[in-house]
Amino acid sequence: MNQNTKLESARFPRMLGELTHSNQVLKVFALLGLALALVCGGLLYVTATRPPVVLALSPSGASLEQTTLPKPEDEVREAIARYLELRYRWEPANVKQRLRGAEAFILPNSVRAYQAAVANVAKFSTEKAVAQRVYPEKIDVSLERRTAVITGDRVTAIQGLKAAGSLRLELGFESGTRSKENPWGIYVAKEREE
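No experiment lies behind these values; they were computed from the predicted model shown. (Residues numbered from 1 in each chain as written. Predicted model: local features only at pLDDT ≥ 70, side-chain atom pairs only at ≥ 80, totals over all residues. Heavy atoms only, no water.)

Caption draft 1: Representation of the pairing of strand 3 (residues 161–175) within the structure. Bridging between strand 2 (residues 147–158) and strand 3 involves 12 bridges; their strand directions are antiparallel. Note that in strand 3 the partner of Ala148 across the bridge is Leu171. Counting the residues between successive antiparallel strands, the hairpin from strand 2 to strand 3 contains two residues, one of them, Gln159, with a positive phi of roughly 50°. Here seven bridges tie strand 3 to strand 4 (residues 186–193), and the two strands are oriented antiparallel to one another. By the bridge assignment, Gly172 is partnered in strand 4 with Lys190. (Pairing = 2+ DSSP bridges. Helix = DSSP H or I, 4+ residues; strand = E, 2+ residues; numbered from the N terminus.)

Caption draft 2: Structural detail: helix 4 (residues 111–128). Over its 18 residues, helix 4 extends 25 Å from the first C-alpha to the last, a length consistent with the 26 Å expected when each residue adds 1.5 Å. Of all the residues in helix 4, the buried ones are Val111, Tyr114, Val118, Ala122 and Ser125. On its buried face, helix 4 is in contact with helix 2 (72–88), helix 3 (95–101) and strand 1 (130–142). Ala129, located one to two residues past helix 4, shows a positive phi value of around 55°. (Expected span 1.5 Å × (residues − 1). Buried < 20%, exposed > 50% of the residue type's maximum accessible area, 1.4 Å probe, protein only. Contact = heavy atoms within 4.5 Å.)

Caption draft 3: Main features of the sheet that holds strand 1. Pairing is antiparallel across the open sheet formed by four strands, whose spatial order is 1-2-3-4. Of all the strands in the sheet, the pair left with one neighbour each is strand 1 and strand 4. Strand-to-strand twist across the sheet, computed as the mean angle between neighbouring axes with direction ignored, equals 30°. Taken strand by strand, helix 2 contacts strand 1, strand 2, strand 3 and strand 4, and its axis lies near 165° from that of strand 1. (Axes fitted to C-alpha atoms, helices over the stretch in contact; angles between N-to-C directions.)

So this is what it looks like as structure tokens:
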């Protein structure tokens, strides 16, 4: 017998074993990848459905607390107070600027009539050195009738001589679009002074 013969194992079963082993590794990696994708998807869902955290800070850096919505009467009262400050509180040096600022509270279709009415006031104020200040004591707002009744005092200075009188003013208002100059969206439709 020939002793130099070497027995070789068949190549096919060995290759099949290596291939099966490498497939198992690939299957494990595929399952781990699927599990990781499911976990990431779950975390994404939880994060996306959670309400956002909003931190409101004041200009000084203090935390602002959440409050309820203001009453409509209070908003109208604030808008009317701002209108009164612009329309009825002026001096000869700033009368045109203040009356122009009050235009933000006038209905767009009434601006021309308002400008015509206050042109005489501005002219009189600059020619005769007239200043005016109003001090509203009470602003009664009726949302049903859409009116605001203002009572208070008016001080008028003509060339340095001051005269005080009572103020009773009824303003009809309407709601409209909000703007930077008129954040309340309250517009004066008619004005009646007694």
